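# Report on the structure
Chain by chain, the residues run as shown.
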Amino acid sequence: YLAGTKRAVLIVFHGYGRDHTRAWRYASFLRRAGYGIVTVDFRSSRARDRKPTTLGGYELPDAEATLAWVEHEPGLAGDRVGLLGESLGGSVALVLAARHPEIAAVVADCPFATGKRALEDSMERWMHLPRWPFADLARHGGRLLTGHDPGALDVVAAAESLATRPVLFVHASRDDRFAPEQARDLWRAAGAKDEIWLVDTGHNEAWQSHRAEYERRVLELFGRTLGSGEEGAD
């Protein structure tokens with residue numbers, strides 16, 4: 001956790017195969033704008049007692065625990081909360097926001113629409129294997145290994161609960177993990193009221209290739225939803 005000057009905290013969730021250090025690329029501009037920053041490792045990325053990635057089974061309880069810490073930590077209780085997540089972290093952020101109306105806004109960078117579609121697209125686009133039978137085999141193996149179904153998470157259904165809250169969707173037209181149509185389906189489920197920014201890059205590369213525009217869009221969303229109060233934690 002890094003304190004900010006505003007009474008607003010942003011939780012940043014990383015994607016598959018990454019850890020909390022990935023978040024500092026976003027914290028580099030978000031903290032300059034005065035926001036407090038919280039970032040964590042999902043248990044699938046922590047250094048000790050690491051667990052397999054489950055596409056929600058472990059990651060959502062980790063996100064819930066992070067939000068609970070923010071809401072109960074002395075000095076942060078009562079602060080406005082926004083979320084930024086990339087890839088798996090983006091999907092987790094959307095579901096967490098759907099469960100918690102106190103979350104004011106979400107930035108989802110290259111999220112997937114369902115766990116099932118994430119496995120299917122990743123097999124085809126990333127692993128260069130046929131969707132069938134390999135996506136089904138991965139899903140079955142995940143259930144055997146962890147007791148969680150990696151294809152079960154329905155982010156589209158969760159996004160339907162966000163029709164009254166601002167969400168910025170960012171996706172890559174050359175994404176090698178998830179087809180852009182997954183983000184479009186999430187955008188439509190959330191009411192198609194905010195923008196969806198389709199960038200001519202690869203997976204989660206919008207900040208690297210269009211840094212000024214990325215930062216402008218993200219700061220504009222949080223600026224109008226989290227307020228401009230400057231009083232914050234020491």
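Let us look at the structure shown here. (Residues numbered from 1 in each chain as written. Predicted model: local features only at pLDDT ≥ 70, side-chain atom pairs only at ≥ 80, totals over all residues. Heavy atoms only, no water.)

Now for helix H9 (residues 211-225). The first and last C-alpha atoms of H9 sit 21 Å apart over 15 residues, in line with the 21 Å expected at 1.5 Å per residue. By the burial criterion, the buried members of H9 are Tyr 214, Glu 215, Arg 217, Val 218, Leu 221, Phe 222 and Thr 225. Burial along H9 is one-sided: seen end-on, the buried residues are contained in an arc of 165°. Gly 227 lies just past H9 and shows a positive phi near 80°. (Helix = DSSP H or I, 4+ residues; strand = E, 2+ residues; numbered from the N terminus. Expected span 1.5 Å × (residues − 1). Buried < 20%, exposed > 50% of the residue type's maximum accessible area, 1.4 Å probe, protein only. Arc of directions from axis to C-beta.)

In this section: the packing of helix H4 (residues 115-125) against helix H7 (residues 180-189). For the pair H4 and H7, the least separation of the axes is 11 Å and the interaxial angle reads 160°. Between H4 and H7, the angle is such that the two are roughly antiparallel. Residues Arg 117, Ala 118, Asp 121 and Arg 125 of H4 form the contact with H7, whose own contacting residues are Pro 180, Glu 181, Gln 182 and Asp 185. (Axes fitted to C-alpha atoms, helices over the stretch in contact; angles between N-to-C directions. Parallel < 35°, antiparallel > 145°, perpendicular 65-115°, else oblique. Contact = heavy atoms within 4.5 Å.)

Among the residues making up H7, those that are buried are Pro 180, Gln 182, Ala 183, Asp 185, Leu 186 and Ala 189. Buried residues along H7 sit in contact with helix H3 (88-99), H4, helix H6 (155-159), strand E5 (167-172) and strand E6 (196-199). Trailing H7 by a residue or two, Gly 191 shows a phi angle of about 105°, which is positive.

Its place among the elements puts Asp 185 in helix H7. A polar atom in the side chain of Asp 185 sits 2.5 Å from the side chain of Arg 188. When neighbours within four sequence positions are excluded, Asp 185 is seen to be in contact with Arg 117 and Val 156. (Polar contact = N/O pair within 3.5 Å; in protein donor to acceptor, adjacent residues only side chain to side chain.)

Further remarks concern the packing of helix H2 (residues 59-72) against H3. In contact at an axis separation of 10 Å, H2 and H3 are set at 60° when each is read in the N-to-C sense. Judged by the inter-axis angle, H2 sits oblique to H3. Seen along the crossing, H2 lies across H3 with a hand that is right-handed. Between H2 and H3, the contacting residues are Glu 59, Leu 60, Ala 63, Glu 64 and Leu 67 on the first element and Leu 88, Val 92, Val 95, Leu 96 and Arg 99 on the second. Within the contact of H2 with H3, the residues separate by chemical class into seven nonpolar, no polar and three charged. (Left-handed = near helix turned anticlockwise from the far one by under 90°. Nonpolar A, V, L, I, M, F, W, Y, C, P; charged D, E, K, R; others polar.)

Here we take up the environment of Leu 60. Residue placement: Leu 60 occurs in helix H2. Between the C-alpha atoms of Leu 60 and Leu 96, which are 36 residues apart in sequence, the distance is 7.2 Å.

Attention now moves to the packing of aromatic side chains. Throughout the structure, instances matching the rule amount to eight aromatic pairs. Ring centres of Tyr 26 and Tyr 214 lie 5.9 Å apart, and the angle between their planes is 25°; on these two criteria the pair is classed as stacked. Of this pair, Tyr 26 sits in helix H1 (residues 24-30) while Tyr 214 sits in helix H9; the two residues are 188 residues apart in sequence, bridging distant segments of the chain. Cluster of aromatic residues (ring-pair linked, three or more members): Tyr 26, Trp 197, Trp 207 and Tyr 214. Positioned above the aromatic ring of Trp 126 is the side chain of Arg 177, whose terminal nitrogen or guanidinium carbon lies 3.9 Å from the ring centre. (Phe/Tyr/Trp six-rings, centres within 6.5 Å; stacked < 30°, edge-to-face > 60°. Lys NZ or Arg CZ within 6 Å of the ring centre and 35° of its normal.)

Looking now at the environment of Asp 19. The topology assignment puts Asp 19 in the loop between strand E1 (8-13) and H1. Separated by 139 residues in the primary sequence, Asp 19 and Ala 158 place their C-alpha atoms 24 Å from one another. If near-sequence neighbours (up to four positions away) are discounted, Asp 19 is found in contact with His 14, Asp 41 and Ser 45. Polar contacts involving the side chain of Asp 19 include one to the side chain of Thr 21, which spans 2.5 Å.

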